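Notes for the structure review
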Amino acid sequence: MTDAIGIGITHYPMLATEDAHMANLMKMVLKDPDIPAERKNPANWSEQARREWANDQGAAAAGEHRAKLLAGLEKTRAALDEFNPDLLIVWGDDQYENFREEVIPSFCVLAYQTSEVEAFAVNKMLKLPLPPGADSLDLTFQMQGDPAFAKQLVADVGEQGIDLAYSYEQRKGVHFPHAFANTQVFLDWANFGQKFPYPIVPVAVNCYGEHVIARKGGIAKFADIKAGEDLDPPGPSPKRCFELGAAVARSVRASGKRVALVASSSWSHAFLHDKDWHLRPDTEADRALYDAMVAEDYDAWNATTTRDVVSSGQHEMLNWFCLLGAMSELGMTLEWSEFVDTEVLNSNKVFAIFK
C-alpha cells in the first residue's frame, strides 16, 4: 500500500564535533582581512550574537544549540519509526564531493546497492578532533540503497518531463556526500554503529549552482570575491526543484511503497551570505519562508527566485523546495515544525514532520 511521510532535518556537519569547535566557521571568517574591522568587532553585533559568542567564542551556546538539534532529530526519528517506511528518498546537496569538474548534474539519483561511508570524513577534512563518544575518525558504516526503486523513479520522473541523471557507482577517491552520510548518522544518533533499518535513495541536487566549482562548494575570501569570481552556471531554480518534488511524489504514489520523503539541509548559511560579510545567516529571509511553510503558502515559495536564494545564502534550501513540492502534490499537512536560529553557528536549522 502506498503511503508517505515528509521529514525535514539538518545535516549540519559541526554537530559531529565538540562544542568548542562548533563555531569554527565564524572563527575562520573573523580572520578574513577584507571584512571591515567594525563588522568583525563583537561590540557591534546584535544582542543575540554577543550573547552566543560570550567570552568562550560560542562554546556554551553551541551546547545549547546541539541540545535543540538532537531533540529535533530524536522527534523526527520517532516519527520515522512510527511510520516504518520501506525506504527513504533523501534530497541533499553534493558540495563538490561526488560531482566535480567532470560533470555537474542538476539532479542525480544515486542508484547504489550498498555504500561504504566514512562517518566523520568532514571532521578529517576540516582537521577537527574526534566527536564526543567516537572511538576513531576512521569509523565507517554501510548505507543500504534500493537500485530497482531508484531506476524506476528516474523513469517515472522522466516520463513527466523532468530528466534525472543517475549514478550506479560512487566516484573514487572522495568521501561520500556528507548531506546523505550525515542524514543516516544523525537520524541514527542514539544507535549509531548498529544497522540502520531503512534503505536510502539519495537524490543529489546541485544546490551550490554558481558556487559549486568557483568556490568548491565552500567558503570564499572576500579578496577573491572582490577580484571577480569565474562563476559557474546557475543550478536548478527553486521552482524547478518544487516541480521535481511533485514529480517524485507522483512516482511514489504509484509505487505501492511506504516512503519517507526527506529534505536534508540547514537553511541560510553565513559563509554563503556575502551581503552580510559571512558573519550571520539571513534569518529574516529564512523566517519569511518558514512562516509561509507553516501557512502552507506555496505560492510564496514558488515566487522565490534563484537570485533570492543565492543572495541570502539559502543555496541548500533547494532540498526543501523539493520536499514542499512533494508535500503540496500529496496534499500533506505540516504536523510539527521548529525553527532553531543562531547568529554565530553558521546556519539556522528547521525540523519538520508532514503527515
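Report on the accompanying structure.

What counts and what doesn't
- Residues numbered from 1 in each chain as written.
- Predicted model: local features only at pLDDT ≥ 70, side-chain atom pairs only at ≥ 80, totals over all residues.
- Heavy atoms only, no water.
- Helix = DSSP H or I, 4+ residues; strand = E, 2+ residues; numbered from the N terminus.
- Rg over C-alpha atoms; globule rule 2.2 N^0.38 Å.
- Buried < 20%, exposed > 50% of the residue type's maximum accessible area, 1.4 Å probe, protein only.
- Areas by Shrake-Rupley, 256 points an atom, 1.4 Å probe, with all protein chains shown as cover.
- Lys, Arg positive; Asp, Glu negative; His and termini not counted.
- Charge placed at Lys NZ, Arg CZ, Asp CG, Glu CD.
- Expected span 1.5 Å × (residues − 1).
- Contact = heavy atoms within 4.5 Å.
- Pairing = 2+ DSSP bridges.
- Axes fitted to C-alpha atoms, helices over the stretch in contact; angles between N-to-C directions.

**Comments concerning the overall build of the protein**
Check the secondary structure of the protein and you find 13 helices and 10 strands. For the protein, the C-alpha radius of gyration of 19 Å lies close to 20 Å, the compact-globule estimate for 355 residues. In terms of principal-axis extent, the alpha carbons of the protein reach across some 60 × 45 × 40 Å. When each of the 355 residues of the protein is scored for burial, the buried share is 58%. Accessible surface, the protein: about 14100 Å² in total, of which carbon and sulfur atoms supply 50%. Distance between charge centroids for the protein: 2 Å, based on 33 positive and 51 negative side chains.

**A look at helix α10 (residues 283-294)**
Since there are 3.6 residues in each turn of an α-helix, residues three or four apart along the chain are aligned in direction. With 12 residues, α10 extends 16 Å from end C-alpha to end C-alpha; this agrees with the ideal 16 Å at 1.5 Å per step. In this structure, the buried side of α10 is in contact with α11 (298-302), α13 (318-330), β9 (334-340) and β10 (349-354). Glu 296 lies just past α10 and shows a positive phi near 55°.

**Let's talk about the sheet that holds strand β6 (residues 165-167)**
Strand pairing in a sheet takes place through backbone hydrogen bonds and is either antiparallel or parallel in direction. The mixed open sheet is built from 8 strands, whose spatial order is β6-β3-β7-β2-β8-β1-β10-β9. The outermost strands of the open sheet, each flanked by one partner alone, are β6 and β9. Adjacent strand axes in the sheet meet at a mean angle of 20°, parallel and antiparallel pairs treated alike. Where strand β3 (residues 107-110) meets strand β7 (residues 200-205), 3 bridges bridge the pair, whose relative direction is antiparallel. Counterpart to Val 109 in the pairing with β7 is Val 203. Docked against the sheet, helix α9 (residues 238-253) engages β2 (87-93), β3, β7 and β8 (258-264), running at close to 170° with respect to β2.

The analysis is restricted to geometry; functional conclusions fall outside its scope.
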